[in-house]
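Architecture and fold: a report
The primary structure of each chain is shown beneath.
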Amino acid sequence: MANVFAYAEARAGALRKVALETVTAARKLADQTGGEVHALLVGAPGISTSAEQLGKHGADVVLVCEHDAFAQYNPEASAALAAERIKSGGFRAALFATSAQGRDLAPRVAAKCGVGIVTDVTAVDLAADTVIVKHPINIGKVIATVAITSTPAIVALRPNIFTPEPSAKAGRVENIQPMGDPSASRVVVKELKTGGGGKLDLAEAPVIVAGGRGLKAAENFKLVEELADAFGNAAVGATRAVTDDGWRPHSDQIGQTGRLVSPELYIAVGISGAVQHLAGMRTSKTIVAINKDKEAPIFKVADYGIVGDVFEVVPALTAAVREARKGH
Amino acid sequence: MDVRFRITADGTSLDETGLKFDLNDFDAWAVEAALRLKEKAGQGEVVAVSLGPDTAQETIRKALSMGADRGIHLKTARVPFDGFAIARALADELKGGSYDLILFGKMSPDSSNGVVGAIVAELLDLPCVTAISGLEINDSRGTARRDIEGAQETMEFPLPAVLTIDEGLNTARYPSLKGIMAAKKKPLEVKPIDLGDTAVNVQKLELPPERAAGKIIGEGAAAVPELIRLLQTEAKVI
Ligand SMILES: Cc1cc2nc3c(=O)[nH]c(=O)nc-3n(C[C@H](O)[C@H](O)[C@H](O)COP(=O)(O)OP(=O)(O)OC[C@H]3O[C@@H](n4cnc5c(N)ncnc54)[C@H](O)[C@@H]3O)c2cc1C
Ligand SMILES: Nc1ncnc2c1ncn2[C@@H]1O[C@H](COP(=O)(O)O)[C@@H](O)[C@H]1O
């Protein structure tokens, strides 16, 4: 009857999509252990309005901690609170997201609990009460099946793999107090700069349109942005060649040293398909490539390739996608 | 370089024949950051620490040839997959060292786990900022910038502290011939250690399923209607 802990990630007063993914995966695991899902939600006063969503996705209990010092990500106070809850016992596994926040938080919690951790997990299961996870190593070139024998096991899930699924549970809200004074953390966020209002993030977008050096100049990225706009639910990514030249910020870089993404649809525009780039996107469900060189390695992984000039093909594709999505 | 990995017969480790044990990118940026801070301060010492079998010494020598002053090799039979076990051993070594900053890579490509730095910070009870791509140090305080989803976070922290390094912070220097020669004479202390039990163990390694072979569906704008059709009917993403 072991329970499963889920960290429900929020930022700037709003739940992140990965929070629902985490709770959904926790629900599936708890259905195997026969236990409950306890979700932890921290934020500034008002965050409790998001608790209902967590109940709808399978949380039996939602632990809500509201405090002004949680208005921004507060690594030390969040870790202290999560670890305290997890140590209070009864959890077989504690799930986080492999997001910027989860990557920072989960190892802190593992250290405080003195238990094993695996991040960027693409599958999680139980076998004879041991938590078994799949985790790509060597930048995705090898898939490891890993057993975590500590109790609990700390698992951070790769975003966009565990699709949120409704599963109505009580979602009983329990208001809890922070550990100590969360305003006294040594590490403090002084500034949060959001780039371009309301744009979808790479980790959360079902569609990514990524551009490479084939676009020739920074201003031509508007072709990529217009195609992304036509989809309505797309984010814009880039290769290292592009971020190195300063056409796009480094946070847009996809690949070995950038972001690891796995959207439903990945459209590579003027990208050669270097191994270091493929390492970050080859798990995308459907890959489309547009490149004028039919020998470009990107065509080896593309489900649908078009050989052609981006300046001709991309505007035509943008118009066709708008047409196909009319009425959406 | 495109390395093709081979899995050993028992299916739980990689065949290391012919692999080069270079410093990975993130760790090279961490060494570079340490060297620049020392150069700016005009004093101080940069120590490179690595845990693993004898191949770890190749990695330490690379850091020494870039300019680090000395190395410590925590010698184990193998590098475990358990990041907590690695961090515990590193923290034991680092705790008496009165370091102002302890720098890690954001992630080692081998484990692709990205946990060791933050765990060491917790075990030593030091403030920690992870995955930073900007850094300023003034006396006993620091400011670090990290790229997060669609935004940038600027964090402040007191020293001593632990930082993990992302791309964008700096460009790592190449060792000069002089640096490579000097590195051979720099002190490298070897300490055999026992890792104890590990709670995270690899059961099986597999090569990822190959994607179905790529398919070129046509040329130029004329291929767009066929692409839309496939995205609607086959891939079902529009
Ligand atoms: C250690 C290391 C880490 C790295 N990490 C990353 C990483 O994280 N992410 C990453 O992306 N890269 C990374 N790289 C760089 C990588 O090796 C490649 O250099 C980079 O991905 C190439 O970017 P690109 O495809 O935009 O440019 P290019 O390789 O120059 O390709 C441009 C493509 O555009 C096509 N093209 C040109 N004009 C047109 C046109 N008019 N119409 C259509 N097509 C056109 C060309 O045929 C070509 O295929 C890394 C490299 C190293 C060594
Ligand atoms: N065996 C090791 N010896 C020294 N440092 C390590 C070792 N393993 C990991 N690290 C450090 O921790 C960082 C993150 O590693 P990981 O958590 O394995 O992704 C690396 O970039 C290194 O800086």
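Read on for an overview of the structure.

Rules used in this analysis
Residues numbered from 1 in each chain as written. Chains lettered and ligands numbered in written order. Predicted model: local features only at pLDDT ≥ 70, side-chain atom pairs only at ≥ 80, totals over all residues. Heavy atoms only, no water. Helix = DSSP H or I, 4+ residues; strand = E, 2+ residues; numbered from the N terminus. Buried < 20%, exposed > 50% of the residue type's maximum accessible area, 1.4 Å probe, protein only. Contact = heavy atoms within 4.5 Å. Lys, Arg positive; Asp, Glu negative; His and termini not counted. Charge placed at Lys NZ, Arg CZ, Asp CG, Glu CD. Expected span 1.5 Å × (residues − 1). Polar contact = N/O pair within 3.5 Å; in protein donor to acceptor, adjacent residues only side chain to side chain. Core = buried A, V, L, I, M, F, W, Y, C linked by side-chain atoms within 4.5 Å. Pairing = 2+ DSSP bridges. Axes fitted to C-alpha atoms, helices over the stretch in contact; angles between N-to-C directions. Buried area = accessible area lost by both parts, 1.4 Å probe. Salt bridge = Lys/Arg side-chain N within 4 Å of Asp/Glu carboxyl O. Near = heavy atom within 4 Å. Nonpolar A, V, L, I, M, F, W, Y, C, P; charged D, E, K, R; others polar. Parallel < 35°, antiparallel > 145°, perpendicular 65-115°, else oblique. Left-handed = near helix turned anticlockwise from the far one by under 90°. Patch = residues over 30% accessible without salt bridge, like charges linked within 9 Å, V, L, I, M, F, W, Y side chains within 5 Å. Areas by Shrake-Rupley, 256 points an atom, 1.4 Å probe, with all protein chains shown as cover.

1. Description of the overall build of chain B
Across its full length, chain B holds six helices and 10 strands. When its C-alpha atoms are laid out on the principal axes, chain B stretches across 65 × 45 × 40 Å. Looking at chain B as a whole, 48% of its 238 residues are labelled buried. The contacts in chain B between residues at least 6 apart in sequence include a share of 65% that link residues at least 24 apart. Charge separation in chain B, taken as the distance between the mean sites of 28 positive and 36 negative side-chain charges, equals 4 Å.

2. Brief notes about helix α3 (residues 83-94) of chain B
When the terminal C-alpha atoms of α3 of chain B are compared, their 16 Å separation across 12 residues agrees well with the 16 Å that a helix rising 1.5 Å per residue should span. Within α3 of chain B, 10 of the 12 residues are buried, which leaves the element mostly enclosed by the surrounding structure. Here α3 of chain B has its buried residues at Gly83, Phe84, Ala85, Ile86, Ala87, Ala89, Leu90, Ala91, Glu93 and Leu94 of chain B. Residues of α3 of chain B that are buried in the fold lie against α4 (100-113) of chain A together with β1 (47-52), β2 (70-75), β3 (101-105), α4 (116-123) and β8 (188-192) of chain B. Its side-chain oxygen placed 2.9 Å from the backbone nitrogen of Phe84 of chain B, Asp82 of chain B serves as the N-cap of α3 of chain B.

3. Examining the nonpolar core
Among the nonpolar cores identified, the biggest contains 84 residues, and Phe5, Leu40, Phe96, Val109 and Ile154 of chain A are the most heavily contacted of them. Looking at this core, the element that brings in the most residues is helix α1 (residues 25-41) of chain B, giving eight residues. Residue contacts for Leu40 of chain A: discarding those within four places in its chain leaves Phe5, Ala6, Tyr7, Ala8, Leu63, Leu81, Ala82 and Ile176 of chain A. Ranked by size, the runner-up nonpolar core spans 42 residues in total, among them Ala30, Ala51, Ile137 and Ile148 of chain A.

4. Focus on the sheet that holds strand β10 (residues 142-148) of chain A
A sheet is described by the order of its strands in space; here four strands give the open sequence β8(A)-β9(A)-β10(A)-β9(B), paired in antiparallel fashion. The strands lining the two open edges of the sheet, one partner per strand, are β8 (123-127) of chain A together with β9 (200-206) of chain B. Recorded for the sheet is a direction-independent mean angle of 30 degrees between the axes of neighbouring strands.

5. Topic: the interface of chain B and chain A
Each partner contributes residues to the interface: chain B has 78 residues there, and chain A has 91 residues. Between chain B and chain A lies a buried interface of about 6,800 Å² when both sides are counted; carbon and sulfur atoms form 57% of it. At the boundary of chain B with chain A, the tally comes to seven salt bridges. The closest approach of N and O atoms between Asp303 of chain A and Arg211 of chain B, which form a salt bridge, is 2.8 Å. Where chain B meets chain A, there are 41 residue pairs in polar contact (both at pLDDT 80 or more). The set of elements that each furnish at least two residues to the side of chain B that touches chain A consists of α1, α4, β4 (128-138), β5 (141-148), β6 (151-158), β9, β10 (216-219) and α6 (224-233) of chain B.

6. A short note on the sheet that holds β8 of chain B
Residues and elements named next belong to chain B. Sheet architecture is open: three strands sit in the order β1-β2-β8, paired in parallel fashion. Two strands bound the open sheet, and with one partner strand each, they are β1 and β8. This sheet shows a mean twist of 15 degrees between the axes of neighbouring strands, independent of strand direction. Sheet analysis places β2 next to β8, joined by five bridges and oriented parallel.

7. Regarding unusual backbone geometry
For the peptide bond that leads from Thr151 of chain A to Pro152 of chain A, omega is -5 degrees, which places it in the cis range. Of note, Pro152 of chain A is situated in the loop between β10 and β11 (153-157). Each neighbour pair has its own omega, and for Leu159 of chain B with Pro160 of chain B the value is -5 degrees, a cis peptide bond. Looking at where Pro160 of chain B falls in the secondary structure, it is placed in the loop between β6 and β7 (161-165). Even without being a glycine, Asp120 of chain A presents a positive backbone phi close to 50 degrees.

8. Observations regarding the environment of Leu215 of chain A
Residue and element names in this part refer to chain A. Position of Leu215 relative to the elements: it lies in the loop between β14 (207-211) and α5 (221-231). Sequence spacing of Leu215 and Val242 is 27 residues, and the spatial spacing of their C-alpha atoms is 9.2 Å. Leave out the neighbours within four places in its chain, and Leu215 touches Asn220, Phe221, Leu223, Val224, Val269, Val310 and Phe311.

9. Description of the site of ligand 2
All names here are of chain B. In the vicinity of ligand 2 lie 15 residues, with Asp27, Leu51, Ser111, Gly114 and Val115 positioned nearest. Take Ser108: an N or O atom from its main chain is 2.8 Å from an oxygen atom of ligand 2. Where the shell around ligand 2 is concerned, the elements lending two or more residues are β1, α3 and β3. Here the shell around ligand 2 gets three residues from one element, more than from any other, and that element is β1. Residues that form the shell around ligand 2 fall into these classes: eight nonpolar, six polar and one charged.

10. Here we look at the packing of helix α9 (residues 310-324) of chain A against α6 of chain B
Relative orientation and spacing of two packed helices are given, respectively, by the angle between their axes and the distance between those axes. Packing of α9 of chain A against α6 of chain B leaves a shortest axis separation of 10 Å and a crossing angle of 45 degrees. When the axes of α9 of chain A and α6 of chain B are compared, the pair comes out oblique. The hand of the α9 of chain A/α6 of chain B crossing is right-handed. Contact with α9 of chain A, carried on its side by Val313, Ala316, Leu317, Ala320, Val321 and Ala324 of chain A, involves Val224, Leu227, Ile228 and Gln232 of chain B of α6 of chain B and no other residues of that element. Across the contact of α9 of chain A with α6 of chain B, the residue classes tally to nine nonpolar, one polar and no charged.

11. Let's talk about a nonpolar patch on the surface
Together, Leu177, Ile180 and Met181 of chain B give the surface a local cluster of nonpolar side chains, amounting to about 310 Å² of exposed area. Within the element layout of this structure, Ile180 of chain B appears in helix α5 (residues 177-185).

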